[in-house]
Amino acid sequence: MNENSMEVLPLLEVEGLTKFFGGLRAVNDFNMTIFKGELVGLIGPNGAGKTTVFNQITGIYLPTKGTVKLNGTNLVGFEPHEITRAGIGRTFQNIRLFNGLSVLDNVRIAFHSSAGYNLLDSILSNERYSQKEREITGQAQDLLDVMKLSRFQNEIVKNLPYGEQRRVEIARAMACQPQLLLLDEPAAGMNPREIIQLMDMIHFIRDNFKLTILLIEHQMRVVMGICERITVMDFGEIIARGTPKEIQDNRLVIEAYLGKGAANVA
Amino acid sequence: MELKSILFSLVKIIAVIAYLYGLLWVLGVKVPVIKVGSRKLNISLLLNAVGAVVAFYVIQLALTDFNGFKLLNSFDSGLLYQACSMTMVALGLNLIYGFNGQFSLGQWGFYGIGAYAAADVTFRWMNGDSRGLTVLGIGVILGGLTILLIRKFLSNLRRMPVLSSFTLYLIGAVIAGVAAVFAGKFLAPFIDPYLGNSLEPGVLNQSFPMSIVFFFAVVFGGIFAAEVSFLFGLPVLSLGSDYFGIATLGFSIVIYTLMVNSDTILPFPEMKGGRGMIGIPKLTTWPWAFFFMLTVIIIMRNIIRSSTGRSIISVREDEIAARSMGIDVAETKLMSFVVGSLFAGLGGGVYAHYIGFLSPNAFDFLVGFNPLIIIVFGGLGSMTGTITAAFGWIFFLEGMLREILGKISPEAPSWRYVLYPLTLLLLMLVRPQGLLGNIEWGFLKAKITPLRNNETKEGVKTA
């Protein structure tokens, strides 16, 4: 991880990303560069277009304009599953787990593209199938260990508390073996104690799995606590970038969150 | 008198369900690996195979005539074969609708395709015409290879519009079909002399070669249904779930219409259109019915338990999330649709050779709701539920009700179509998740991965 010694290529390069929904401009000319190993935050008031940016990076929405490059390959126009296989894993703002299934199965599903056996192997239920299946189960259990979910392994996921469900989502996204992990409000609905745990976990997975993380978050203590760089959006545009300290003192950011001074409010 | 026959029918239904429980249990028996010296012996699989054979012989003995005493008469054995074929169709539909979440009304159409295709093969063979087998066999093999080849070729091209790739597949399939027809014509003079005709059966028309032909007829019929479902599903599965349901309903109607006019707009005079195809050799016996049903159950169970099965279920649970987890949703849908239709086609072949007479009315789309009712009744996403509901449904509706109502008056059996919807209604009110919910028996039970015992190693230290 000595990036400084050599020339560093960006992991993710987003250039001129623009999205119109009919006449509504959700995101306008969004640029962002993320290097390997970084932990970057994307913040902004509700409706600023943060999730739209995520959905364009992951291919759920097709950008109206602009490019998204991962390791130099343009991903615009790829199907979401191809983008995931290329190395971008994500979680969702409103949790999207496979509700009827167990926690373990939720995580194992994400290993599908790297399962290493085909339909015929599974129909014959041969040695290759059982060996790979053991490997997948082991890896999934490792991830559950990391996210402290081991004891919920066989629970049906919809019966889990909210905070645990968020962690299952992170474990599932990591099972896609991504280089870049996109977390959409991972701390939403968590209590302060859970948030501290979560922050530790995010740090831990970044360091131990050599991940790069981009996260959207509303809770300032999370963003300010763990992100190294922050980008702030409002009304689909970037209004500020910088370190947490710089952002905290930025007049535009304060305005975006709290309104344009007392005179305008009255 | 009435009471006795009611009781007897009830006992039969319970016995059938108990039998299914036993079958599934014996297939799932697991014993610890035994160590003999340095070698490890895993005898579980052997036990399961022996169990299956025992289960097979239990019914086989019940069907055998011991000096005029038969535990199961021909009426019951008919129910048994119907139940086996219904199990296959319903399992296929459960894969498509219950596990993959694609509401399909086309299952009955694929069942009909399998039935007519297989029946045509054996019918022609029996009457001294080998082209049924050769054309269908070469056709499905060539067609399958063409599809695989085009698929391989297309996987290198990115994002081909679905209609363009569909056109390619269609052209490939048509070429394969035409080639098969010519190959059949070419081969006919070499095979036909050994077939003789229905009055003087030739060497290849005896009972043993005939059962081999029957096997291939059913298998090819199933594959043919699967290939048709591939061509049909490719463009249609990209529609949303409800639209897909309507499109598949249209498909069943198309198939029904083709069956009614099979002797006029299709070149199959032996199918006799709306009058119905008669004289299909009754080749379905318990060994074959059991074999095909068990194969379908095992294949489906192994698919569901694999990574592919999990991806199929994930599409049902949340399509967008599945996509974002690297699952090719379109391919998963297509795969389960094709496999489900394959099962339907196999079921059709077994049915046709039990009943010996195919009428298009049996493949009307209204009748096509039967497998749907069965899977909802048994529980969507439960294989055990489907199997027991298929057997229970046939034995209750076609067995018990028909027998009992038939004793009241000749017209009374029609009342069963009043009684069983009411039963269904009642069940939906009492148990909306279906008879068995998601309970699975024996060998179909999902493997529960034991917890690891390492609380201390868990994760990071909390602050």
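Residues numbered from 1 in each chain as written. Chains lettered and ligands numbered in written order. Predicted model: local features only at pLDDT ≥ 70, side-chain atom pairs only at ≥ 80, totals over all residues. Heavy atoms only, no water.

Caption draft 1: View of the confidence of the model for chain B. All names here are of chain B. For chain B, per-residue confidence averages 89 on the pLDDT scale, and residues scoring 70 or more make up 97% of the total. The weakest mean pLDDT in chain B belongs to strand S2 (residues 39-41) at 77; the strongest belongs to helix H12 (residues 329-355) at 96. Predicted confidence is poor over residues 455-463, with pLDDT under 50, and the contacts of this stretch with residues over four places away or in other chains come to 16 contacts. (pLDDT = per-residue confidence, 0-100. Helix = DSSP H or I, 4+ residues; strand = E, 2+ residues; numbered from the N terminus. Contact = heavy atoms within 4.5 Å.)

Caption draft 2: Expanded view of the interface of chain A and chain B. Tallying the contact residues gives 51 residues for chain A and 38 residues for chain B. Summing both sides of the interface, chain A and chain B together bury roughly 3,900 Å²; the carbon and sulfur share of this comes to 57%. On the chain A side of the interface with chain B, the three residues burying the most area are Phe-98, His-112 and Lys-148 of chain A, jointly 14% of the side's total. Across the pair Arg-452 of chain B and Asp-145 of chain A runs a salt bridge whose closest N-O atoms are separated by 3.2 Å. Where the side of chain A that touches chain B is concerned, the elements lending two or more residues are helix H2 (80-86), helix H3 (103-109), helix H4 (119-124), helix H5 (127-146), helix H6 (162-175) and helix H7 (192-208) of chain A. Of the residues forming the side of chain A that touches chain B, the biggest block, nine residues, is contributed by H5 of chain A. (Buried area = accessible area lost by both parts, 1.4 Å probe. Salt bridge = Lys/Arg side-chain N within 4 Å of Asp/Glu carboxyl O.)

Caption draft 3: Here's a closer look at helix H14 (residues 383-408) of chain B. Residue and element names in this part refer to chain B. The end-to-end C-alpha distance of H14 is 36 Å, a good match for the 38 Å that 26 residues give at a rise of 1.5 Å each. For H14, the principal kink sits at Arg-402 and spans about 35°. Counting buried positions over the 26 residues of H14 gives 20, a clear majority of the element. Its side-chain oxygen 2.8 Å from the backbone nitrogen of Gly-385, Ser-382 forms the N-cap of H14. (Expected span 1.5 Å × (residues − 1). Bend = angle between axes of the 7 residues up to and from the residue. Buried < 20%, exposed > 50% of the residue type's maximum accessible area, 1.4 Å probe, protein only. Polar contact = N/O pair within 3.5 Å; in protein donor to acceptor, adjacent residues only side chain to side chain.)

Caption draft 4: View of the side chain of Ser-341 of chain B. Inspection of the secondary structure puts Ser-341 of chain B in helix H12. The contact partners of Ser-341 of chain B, leaving out residues within four places of it in the chain, are Ile-96, Phe-110, Ala-225, Ala-226 and Ser-229 of chain B.

Caption draft 5: Seen up close, the side chain of Thr-84 of chain A. Summarising the element assignment, Thr-84 of chain A is placed in helix H2. Engagement of the side chain of Thr-84 of chain A in a polar contact is seen with the backbone oxygen of Ser-324 of chain B, the distance being 3.0 Å.

Caption draft 6: Summary view of the environment of Ser-382 of chain B. All names here are of chain B. Here Ser-382 shows up in the loop between helix H13 (369-378) and H14. In this structure the C-alpha to C-alpha distance between Ser-382 and Asn-94, which are 288 residues apart in sequence, comes to 7.9 Å. Each residue touching Ser-382, except ones within four places of it in the same chain, is listed here: Asn-94, Phe-99, Leu-436, Gly-437, Asn-438, Ile-439 and Glu-440. Here Gly-385 takes part through its backbone nitrogen, which lies 2.8 Å from a polar atom of the side chain of Ser-382. Within polar-contact distance, the side chain of Ser-382 engages the backbone oxygen of Ile-439 at 3.4 Å.

Caption draft 7: Broad picture of the nonpolar core. In this structure, Ile-213 of chain A together with Trp-286, Leu-358, Phe-363 and Phe-391 of chain B are the most contacted members of the largest nonpolar core, which totals 186 residues. The element that contributes the greatest number of residues to this core is helix H3 (residues 74-99) of chain B, accounting for 14 residues. Dropping the residues within four chain positions of it, Leu-358 of chain B is found in contact with Ala-115, Tyr-116, Ala-119, Gly-276, Met-277, Ile-280, Tyr-351, Ala-352 and Phe-363 of chain B. Counting residues in hydrophobic clusters, the runner-up holds 25 residues, among them Leu-11, Ala-26, Val-53 and Leu-70 of chain A. (Core = buried A, V, L, I, M, F, W, Y, C linked by side-chain atoms within 4.5 Å.)

Caption draft 8: Representation of the sheet that holds strand S1 (residues 10-21) of chain A in the model. Residues and elements named next belong to chain A. If you trace the four strands from one edge of the open sheet to the other, you get S2-S1-S4-S5, paired in antiparallel fashion. Lying at the two open borders of the sheet, with one neighbouring strand each, are strand S2 (24-35) and strand S5 (73-74). Running over the sheet, helix H1 (residues 50-57) touches S1, S2 and strand S4 (65-70) and is turned about 115° from S1. (Pairing = 2+ DSSP bridges. Axes fitted to C-alpha atoms, helices over the stretch in contact; angles between N-to-C directions.)

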